[in-house]
Amino acid sequence: MVGLNDDVSVDIEEIYNGGKEHHIKTCHGSVSAVVYGDQEKPALITYPDVALNYLSCFQGLFLCPEAVSLLLHNFCIYHISPPGHEFGAAPVCSNDPSPSVEDLADQILEVLNFFSLEAVMCMGITAGAYILSLFAIKHKDRVLGLILISPLCKAPSWSEWFYYKVVSNLLYYYGMSGLLKDIFLQRYFSKEARGSSEVPERDVVHECRRLLGERHRSSLMRFLEAVNRRHDLTDGLRSLKCRTLIFVGDQSPFHSETLHMVTALDRKYSALVEVQACGSMVTEEQPHAMLIPMEFFFMGFGLYRPGRVSDSPRSPLSPSCISPELLSPESLGIKLKPIKTRVPTKC
């Protein structure tokens with residue numbers, strides 16, 4: 001057991017063994033939601049990137065004791081998977097219509113209604129961040145705030161559309177081959193994490209490679225095609241007033257798109273953290289870089305009480321570790337103008 005404050009004592013093994021999975025029938029097919037924590041607490045929903053699920057997208061963050069303490073102290077977690085991406089999912093029937101990004105966003109509304117949830121906190125990565133941003137634009141009253149990691153927000157360029165069309169065709173004919181695994185890993189991780197002929201890939205990349213092999217090609221192709229048909233959210237983002245915290249790795253293929261999103265959002269309600277030497281999945285490569293920004297983001301909602309934080313030197317939540325820049329009242333009580341941060345320690 002790891003105790004980090006007076007109220008929270010976390011058994012890490014229980015985090016991924018104690019969740020309850022629900023299969024929810026929606027107008028656009030069945031969707032899986034895995035629930036962790038006390039359902040009387042405010043809800044935080046997560047949505048993963050293409051070809052991933054909550055374990056391969058958020059495990060690094062949720063296995064950090066400090067992050068688990070911060071998140072489960074304040075929230076009940078609802079991990080939503082795209083159709084057919086949950087563990088043990090059956091292949092999608094070829095006769096089922098392929099969902100659009102609008103359909104996937106509408107599924108989220110049905111999940112919230114199933115659990116009788118009102119306004120929720122949202123956390124998504126890349127394509128998942130796009131789906132949650134679209135949901136927030138369509139249903140502003142159902143979103144408290146957004147935590148977006150290397151998000152998409154524009155329609156795909158011609159080159160991106162063509163690239164992933166080729167990927168989809170390769171999936172159709174060859175399944176999740178070694179080549180396609182490498183393509184997806186380049187999407188998720190920095191070059192340092194992926195290794196080279198002289199340096200082996202990091203454990204987190206190796207585990208993600210293994211999990212990619214468990215995806216059914218039909219489910220993956222449908223999600224990939226939906227994301228490849230997405231439309232531009234820029235105009236909708238300009239009217240979005242929910243508080244938004246954005247993380248991006250400086251080696252993410254979507255770094256420039258993330259910066260575009262920041263320019264579209266109202267600066268009074270948004271903040272950006274740029275993480276050095278990191279790819280798209282900050283949650284897996286450098287989860288510690290997310291802790292202090294998230295702490296202050298949640299303080300803007302009255303969801304975290306820093307007076308009860310442990311002063312342990314190991315904990316990045318210690319008040320003595322907080323940069324004075326983060327204490328400005330600008331932008332939700334946080335001042336994050338892209339801050340470059342590198343955290344050498346790993347969970």
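First, a word on what this report is: a plain description of the structure on this page. Quick caveat: nothing in here was measured; it's all calculated off a predicted structure. (Residues numbered from 1 in each chain as written. Predicted model: local features only at pLDDT ≥ 70, side-chain atom pairs only at ≥ 80, totals over all residues. Heavy atoms only, no water.)

### Side note on the nonpolar core
Part 1: In this structure, Tyr 188, Met 294 and Phe 298 are the most contacted members of the largest nonpolar core, which totals 106 residues.
Part 2: With nine residues, the top contributor of residues to this core is helix 5 (residues 127–138).
Part 3: Sequence-distant contacts of Tyr 188, defined by excluding residues within four places in its chain, comprise Asp 49, Val 50, Ala 51, Leu 52, Cys 208, Leu 212, Gly 279, Ser 280, Met 281 and Glu 285. (Core = buried A, V, L, I, M, F, W, Y, C linked by side-chain atoms within 4.5 Å. Buried < 20%, exposed > 50% of the residue type's maximum accessible area, 1.4 Å probe, protein only. Helix = DSSP H or I, 4+ residues; strand = E, 2+ residues; numbered from the N terminus. Contact = heavy atoms within 4.5 Å.)

### As for the environment of His 28
Part 1: Tracing the sequence through the fold places His 28 in the loop between strand 3 (20–26) and strand 4 (29–36).
Part 2: For His 28, a relative accessible area of 31% translates into the label partly exposed.
Part 3: Taking the C-alpha atoms as reference points, His 28 and Pro 83, 55 residues apart in sequence, are found 9.2 Å from one another.
Part 4: Setting aside residues up to four positions removed in sequence, His 28 forms contacts with Asp 103, Asp 106, Gln 107 and Glu 110.
Part 5: Looking at His 28, its side chain comes within polar contact range of the side chain of Asp 103, at 3.4 Å. (Polar contact = N/O pair within 3.5 Å; in protein donor to acceptor, adjacent residues only side chain to side chain.)

### Quick notes on the pattern of salt bridges
Two side chains that carry opposite charge are able to pair once their charged atoms sit near each other.
Part 1: Applying the stated criterion to the full structure yields 13 salt bridges.
Part 2: A salt bridge links Asp 49 to Arg 187, with the shortest nitrogen-to-oxygen separation between them at 2.8 Å. Taken as a pair, Asp 49 in the loop between strand 5 (43–47) and helix 2 (54–62) and Arg 187 in helix 7 (residues 178–188) lie far apart in primary sequence, 138 residues in all. Each member of the pair, Asp 49 as well as Arg 187, carries the same accessibility label: buried.
Part 3: Connected through shared salt-bridge partners, Glu 102, Asp 106 and Lys 138 make up one network. (Salt bridge = Lys/Arg side-chain N within 4 Å of Asp/Glu carboxyl O.)

### Here we look at the packing of aromatic side chains
Here a ring pair, both rings aromatic, is described through the centre-centre distance and the interplanar angle of the planes.
Part 1: Here the structure, examined in full by the defined rule, presents twelve aromatic pairs.
Part 2: Ring centres of Phe 114 and Phe 115 lie 4.9 Å apart, and the angle between their planes is 90°; this geometry places the pair in the edge-to-face category.
Part 3: The interplanar angle of 25° and the centroid separation of 6.4 Å between the aromatic rings of Phe 184 and Tyr 188 together place this pair among those described as stacked. One end of the pair, Phe 184, and the other, Tyr 188, are both in helix 7, four residues apart, so they sit about a helical turn from each other.
Part 4: With a relative accessible area of 0%, Phe 184 lands in the buried category.
Part 5: Within the aromatic cluster, the residues linked to one another by ring pairs are Phe 75, Phe 297, Phe 298 and Phe 301.
Part 6: Over the ring of Phe 301 we find Arg 243, and its NZ or CZ is 5.1 Å from the ring centre. (Phe/Tyr/Trp six-rings, centres within 6.5 Å; stacked < 30°, edge-to-face > 60°. Lys NZ or Arg CZ within 6 Å of the ring centre and 35° of its normal.)

Functional significance is not addressed by these values, which are geometric in nature.
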